[in-house]
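Overview (structure and organization)
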Amino acid sequence: MAFPDTRPRRLRRTSSIRRLVRETTLSPDNFIFPLFVRPGKGEKNEISSLPGQFHFSVDMLAREAEEIAKLGIPAVILFGLPEKKDEVGSEAWAPEGVVQKAIRTIKKAVPELTVAVDACFCEYTTHGHCGVMLEGHLDNDATLENLGRAALSYARAGADVVAPSGMLDGFVGFLREGLDEDNFDKVAILSYAAKYASGYYGPFRAAADSTPALGAWKRDFSRSSL
Ligand SMILES: [Zn+2]
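Every value quoted in this text rests on a predicted model; they were computed, and no experiment measured them. (Residues numbered from 1 in each chain as written. Predicted model: local features only at pLDDT ≥ 70, side-chain atom pairs only at ≥ 80, totals over all residues. Heavy atoms only, no water.)

**Re the side chain of D118**
On the secondary structure map, D118 appears in strand β5 (residues 114-119). Engagement of the side chain of D118 in a polar contact is seen with the side chain of S165, the distance being 2.7 Å. When near neighbours in sequence (up to four residues on either side) are disregarded, D118 contacts I77, L78, F79, E123, Y154, A163, S165 and Y192. (Helix = DSSP H or I, 4+ residues; strand = E, 2+ residues; numbered from the N terminus. Polar contact = N/O pair within 3.5 Å; in protein donor to acceptor, adjacent residues only side chain to side chain. Contact = heavy atoms within 4.5 Å.)

**Details of the coordination of the zinc ion**
Distances from the zinc ion to its protein donors, namely C120 (SG), C122 (SG) and C130 (SG), fall within the range 2.2 to 2.3 Å. Donor residues for the zinc ion sit on one chain with the sequence pattern C-x1-C-x7-C. C130 carries the same exposure label as C122, and that label is buried. (Donors = N, O, S within 2.8 Å, 3.2 Å for Na, K, Ca; no water. Buried < 20%, exposed > 50% of the residue type's maximum accessible area, 1.4 Å probe, protein only.)

**Some points on unusual backbone geometry**
Cis geometry marks the peptide bond from F3 to P4, where omega comes out at 10°. Turning to its location among the elements, P4 is positioned in the segment before α1 (15-21). Even without a glycine there, the phi angle at M167 is positive, about 55°. Tracing the backbone shows M167 in the loop between β8 (161-164) and α5 (171-181). Positive phi outside glycine occurs at D209, with the angle close to 50°. In this fold, D209 is placed in the loop between α6 (201-207) and α7 (216-224).

**Regarding the sheet that holds strand β2 (residues 44-47)**
The mixed open sheet is built from 7 strands, whose spatial order is β2-β3-β1-β4-β5-β8-β9. With one partner strand each, in any of the chains shown, β2 and β9 (188-189) form the two edges of the open sheet. Note: β5 against β8, 4 bridges, orientation parallel. Looking at β8, one finds that V117 is bridged to V162. Lying on the sheet, helix α2 (residues 61-70) is in contact with β1 (32-38), β2, β3 (50-57) and β4 (75-80); it crosses β1 at an angle near 175°. (Pairing = 2+ DSSP bridges. Axes fitted to C-alpha atoms, helices over the stretch in contact; angles between N-to-C directions.)

**Observations regarding the pattern of salt bridges**
The final tally for this structure, using the stated rule, is 7 salt bridges. Its salt-bridge partner being R38, residue E43 comes within 3.8 Å of it at the nearest N-O pair. By relative accessible area, which is 23% here, E43 ends up partly exposed. The partner of K85 in a salt bridge is D209, with the nearest N and O atoms 3.3 Å apart. A residue pair is termed long-range when its members are at least 10 positions apart, and K85 in the loop between β4 and α3 (98-109) and D209 in the loop between α6 and α7 qualify at 124 residues. Judged by its relative accessible area of 28%, K85 falls in the partly exposed class. (Salt bridge = Lys/Arg side-chain N within 4 Å of Asp/Glu carboxyl O.)

**So, the environment of S191**
Here S191 shows up in the loop between β9 and α6. Here S191 falls in the partly exposed class, since its relative accessible area comes to 35%. Separated by 168 residues in sequence, S191 and E23 have C-alpha atoms that sit 25 Å apart. S191 has contacts with P164, F171 and V172, leaving out every residue within four places of it along the chain.

**Observations concerning the pairing of β8**
Every other side chain in a regular strand lies on the same face of the sheet, so the side chains alternate between the two faces. Residues of β8 alternate between two faces, with V161 and A163 on one and V162 and P164 on the opposite face, all of them buried. Two strands pair when backbone bridges link them, and β8 and β9 are joined in this way by 2 bridges, in the parallel orientation. Looking at the pairing, V161 lines up with A188 of β9. The parallel pair β8 and β9 is bridged by α5, and the resulting crossover is right-handed. (Right-handed = clockwise from strand over helix to strand, strands pointing away.)

Everything listed here is a matter of geometry and, on its own, says nothing about what the molecule does.
Structural data, given as structure tokens:
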């Protein structure tokens with residue numbers, strides 16, 4: 001049916017009718033709270049690209065996690081700023097890395113809060129790209145191996161969800177297989193790798209100190225951060 005037989009305006013007429021037919025609602029249930037974790041003690045520093053968000057040291061996380069749970073937000077996602085960066089981002093799978101410590105701290109303080117972990121290497125590499133670089137390009141399969149190591153270390157620390165964001169070919173299947181083999185079949189995978197031409201991602205890159213050294217994205221970011 002088309003206009004004039006159908007008049008959807010009728011269903012938008014009053015607030016109570018709109019409530020009755022609305023298909024999309026937003027509640028705290030829909031949110032995952034990002035937490036940026038850095039080395040140190042007693043640190044809670046505001047992130048200039050994300051006002052109202054902070055870089056926390058691990059010892060400051062328990063209180064923050066309790067407050068997040070009290071607000072009714074069911075989950076957090078962790079981003080790690082490592083002590084030191086290297087060419088391949090090996091701090092991402094260090095058993096005593098900041099993120100691994102953060103997972104243990106939060107699960108101990110608020111066990112019911114779902115802990116997801118961003119699984120990527122751009123925060124951990126000196127060049128800011130999402131994995132192993134080979135002759136100016138990202139080596140997909142070498143990066144997959146490292147991603148598997150990182151996912152296992154997050155699962156061992158007690159993460160509920162591993163959330164890869166690096167746009168690697170085949171990564172969900174690869175991670176699922178590796179986690180299942182180590183009896184982490186209850187750990188969920190949340191890929192949020194799709195990127196669009198939007199301004200949302202730049203502030204996260206700055207907050208995670210992971211602006212890449214090469215490529216179109218770098219140019220876009222430089223522009224959007226002016
Ligand atoms: Zn990345």
